[in-house]
Amino acid sequence: MKDEKIVGSFQLMKSLNKSLILNTIRTHGSISRSDIAKETKLTPPTVTNIVNELLEEGLVKEWQTGSSSGGRKPILLKINSSNFYVFGIDISPREIRFAITDLNAQTLLYKTITMKEEMTSSRLFQMIAKQLYIMMDEACIELKKFVGIGIGIHGRIDADEGSSGFAPQLQHRNVPLKKELEKEFRLPVKIENGVRAMAIGENWFGNGVGISNLVCIKISHGVGAGFILNKKLFHGTNGLAGEIGHMFIESSGLKCSCGNDGCLEALVGSEGIKQRTLNKISLGYKTKLIERTNGMIENVNGQLIYEAALEGDMLAKDILEETGRYLGIAIMNIIHLFNPERIIIGGGLAKAKNFILTPIQEVVEQRALTEQAKKTEIVLSKLGDQATVIGAVALVLNEMFSVQYESVS
Ligand SMILES: [Zn+2]
């Protein structure tokens, strides 16, 4: 659909050249007009005209280096990143995180709102809109200074329509959140599944910068993955790609929310970790967790297990290492399917890196088919708790700066 719109439209070609120039300036940090012309193969007058437009709009600024020896110092162009802002929103089942950032994803204002009850779609929209107005006030930034709103939301998403296909805790099946926010704020709104937003965020600002084939795995209540293949976010035919939480791992008897047994999510999602811990305790394993929960062992959670493991509790350590081995099996399958250069692990479980990373690497080392596959880099998210909200910001920037070369024929 995008291709049809772009091809044959002079106006869009012009904005395509604008994106090309913007992206050239961004990737270089600073660059002269003549170097832009050389790199983009656009004519110098075209570059001058577009740069003038960008200067007028305040999107780029001129600056002079002090490094030139002798002669005239060249005038370079930079992105005026602190002159415009982006809203990033991360909607998870129990809380919504909001950020206002500049064009370098530097956060100016950050807020988390906990949702105490299930929310209907209209209340969700009203709550988001109200927060955005409050934050604009608090940051003293006018609406016209924003270039867009990015949203990462749990569940399956129709990225074009902005509808959430399935987000159970929020009761908003098929909510056109994108349309409602675009109408209210008159800004472009980009919406994506949370882990895909995280993948874009890591690719732009985190541990995935410069990586063309990248997989991000998020493990919290649920488990999902975002794939960047050949520098592009991959959705699959119906937006289902990345549902690795339902990859079959082991017939353990642990029931998954999808109705099947032995899915990755049933084993390493927060409920899965809790259930495996309770099963071991019921078999008589000794653990500090009984004391830590004042005997109410049904209240055990990932955080308590992590803390107990740090204190040397054997059961807690066993559970986390086993979690790493299950993840290792899933990661090995992903390596064989997509052969990524790097895999990034994020979400709440990433905090337990000292316990999970070695078993993951051991499984990959033992089972991957080739020497190169065994050496696939497996790292933790750099952006941590803010990975999805920064990813939401990056969705907007990706749209603003990216150039669809292959769309131009
Ligand atoms: Zn499942």
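Now for a quick tour of the structure. (Residues numbered from 1 in each chain as written. Predicted model: local features only at pLDDT ≥ 70, side-chain atom pairs only at ≥ 80, totals over all residues. Heavy atoms only, no water.)

## Some remarks on the overall build of the chain
Note the threshold: A run of DSSP states H or I qualifies as a helix once it reaches four residues; a run of E qualifies as a strand once it reaches two. Both are numbered from the N-terminal end. A simple rule labels every residue: compare its accessible area, found with a 1.4 Å probe on the protein chains alone, to the largest value its type can have, and call it buried under 20%, exposed over 50%, or partly exposed in between. A contact between two residues is defined here by any heavy atoms of the two lying within 4.5 Å. The method behind every accessible area is Shrake-Rupley, applied with a 1.4 Å probe, and residues are considered shielded solely by the protein chains displayed.
Within the chain, the secondary structure is distributed over 15 helices and 15 strands. A total of 409 residues make up the chain; the buried ones form 50% of that total. Contacts in the chain between residues at least 24 apart in sequence constitute 59% of all its contacts with a sequence separation of at least 6. With an accessible surface of roughly 20100 Å², the chain has 50% of that area assigned to carbon and sulfur atoms.

## So, helix H7 (residues 194–205)
Rules: How far a helix is expected to stretch is found by multiplying one less than its residue total by 1.5 Å. Polar contacts, as counted here, are pairs of nitrogen or oxygen atoms within 3.5 Å of one another; within protein the pair requires one atom able to donate a hydrogen and one able to accept it, and residues that are adjacent in sequence qualify only if both atoms are side-chain atoms.
A rise of 1.5 Å per residue sets the reference length of H7, with its 12 residues, at 16 Å; its end C-alpha atoms lie 16 Å apart and thus fit the reference within 8%. Of all 12 residues in H7, 11 are buried, a share of seventy percent or more. Its side-chain oxygen placed 3.2 Å from the backbone nitrogen of Val195, Asn193 serves as the N-cap of H7.

## Section: the coordination of the zinc ion
Stated formally: Donor atoms: N, O and S within 2.8 Å of the metal, or within 3.2 Å for Na, K and Ca. Because water is excluded, sites can look incomplete. The rule is simple: four donors are tetrahedral if all their angles sit between 85 and 135 degrees, four are square planar and six octahedral if opposite donors span more than 155 degrees and the others lie between 65 and 115, and anything that fits none of that is irregular.
Note on the zinc ion: its protein donors are His246 (ND1), Cys256 (SG), Cys258 (SG) and Cys263 (SG). The metal-donor distances range over 2.0 to 2.4 Å. Considering all four donor atoms around the zinc ion, angles at the metal cover 102 to 125 degrees and the coordination shape is tetrahedral. With relative accessibility at 3%, the residue Cys263 sits in the buried group.

## With respect to the side chain of Lys280
Condition: When charges are tallied, Lys and Arg are placed among the positive residues and Asp and Glu among the negative ones, while His and the ends of the chain are skipped. What makes a salt bridge here is a side-chain nitrogen of Lys or Arg within 4 Å of a carboxyl oxygen of Asp or Glu, nothing more.
If you trace the backbone, Lys280 turns up in helix H9 (residues 270–282). Despite being buried, Lys280 has no salt bridge partner; Glu322 is the closest side chain of opposite charge, sitting 4.1 Å away. Once residues lying within four places of it in the same chain are set aside, the contact partners of Lys280 are Tyr285, Leu315, Asp318, Ile319 and Glu322.

## Things to note about the packing of helix H3 (residues 33–40) against helix H4 (residues 44–57)
Here is the rule: Here the axes come from fitting lines to C-alpha atoms, over the contacting stretch only for helices, and the angles between their N-to-C directions go from 0 to 180 degrees. Note that the term roughly parallel is reserved for angles under 35 degrees, roughly antiparallel for angles over 145, roughly perpendicular for angles of 65 to 115, and oblique for everything else. Each crossing gets its handedness from the near helix: less than a right angle anticlockwise from the far helix is left-handed, clockwise is right-handed. Under the scheme applied here, ten amino acids are nonpolar (Ala, Val, Leu, Ile, Met, Phe, Trp, Tyr, Cys and Pro), four are charged (Asp, Glu, Lys and Arg), and all others, including Gly, are polar.
Here H3 crosses H4 at 120 degrees, and the two axes come no closer than 9 Å. It follows from the interaxial angle that H3 and H4 lie oblique. Viewed along their axes, H3 and H4 form a crossing whose handedness is right-handed. For the pair formed by H3 and H4, the contact residues are Arg33, Ile36, Ala37 and Thr40 on the first element and Pro44, Val47, Val51, Asn52 and Leu55 on the second. Across the contact of H3 with H4, the residue classes break down as six nonpolar, two polar and one charged.

## Regarding the pairing of strand E11 (residues 214–219)
In plain terms, the rule: Pairing between two strands is assigned when DSSP locates at least 2 bridges connecting them.
Counting buried positions over the six residues of E11 gives five, a clear majority of the element. When E11 meets strand E12 (residues 223–229), the two strands line up antiparallel, connected through six bridges. Residue pairing across strands places Ile219 opposite Val223, the latter belonging to E12. Here E11 folds back onto E12 in antiparallel fashion, the turn holding three residues. Summarising the sheet, E11 and strand E14 (residues 342–346) pair through five bridges and their orientation is parallel. Its bridge partner being in E14, Val215 is matched across the sheet by Ile343.

## Description of the packing of aromatic side chains
Remark: the centre distance and the inter-plane angle together describe each pair of aromatic rings, the angle taken between the planes. Selection rule: Aromatic rings from Phe, Tyr and Trp, with only the six-membered ring used for Trp, were paired whenever their centres fell within 6.5 Å, and each pair was classed as stacked if the ring planes differed by under 30 degrees, edge-to-face if by over 60, and tilted otherwise. Here, over-ring charges are defined by two tests on the NZ atom of lysine or the CZ atom of arginine: distance to the ring centre within 6 Å, and angle to the ring normal within 35 degrees.
Counted by the stated rule, this structure contains seven aromatic pairs. Geometrically, the ring pair formed by Tyr133 and Phe185 is tilted, given 4.8 Å between the ring centres and 35 degrees between the ring planes. Here Tyr133 is found in helix H5 (residues 121–139), whereas its partner Phe185 is found in helix H6 (residues 177–185), with 52 residues between them in sequence. Ring centres of Tyr306 and Phe355 lie 6.3 Å apart, and the angle between their planes is 80 degrees; this geometry places the pair in the edge-to-face category. On the criterion of sequence distance, the pair formed by Tyr306 in helix H11 (residues 302–310) and Phe355 in helix H13 (residues 353–367) is long-range, its members being 49 residues apart. Across the pair, exposure class does not vary: Tyr306 and Phe355 are buried alike. Through a chain of ring-to-ring contacts, three or more aromatic side chains come together here, namely Tyr85, Phe87 and Phe146. It is Lys78 that lies over the ring of Trp63; its NZ or CZ is 4.2 Å from the centre.

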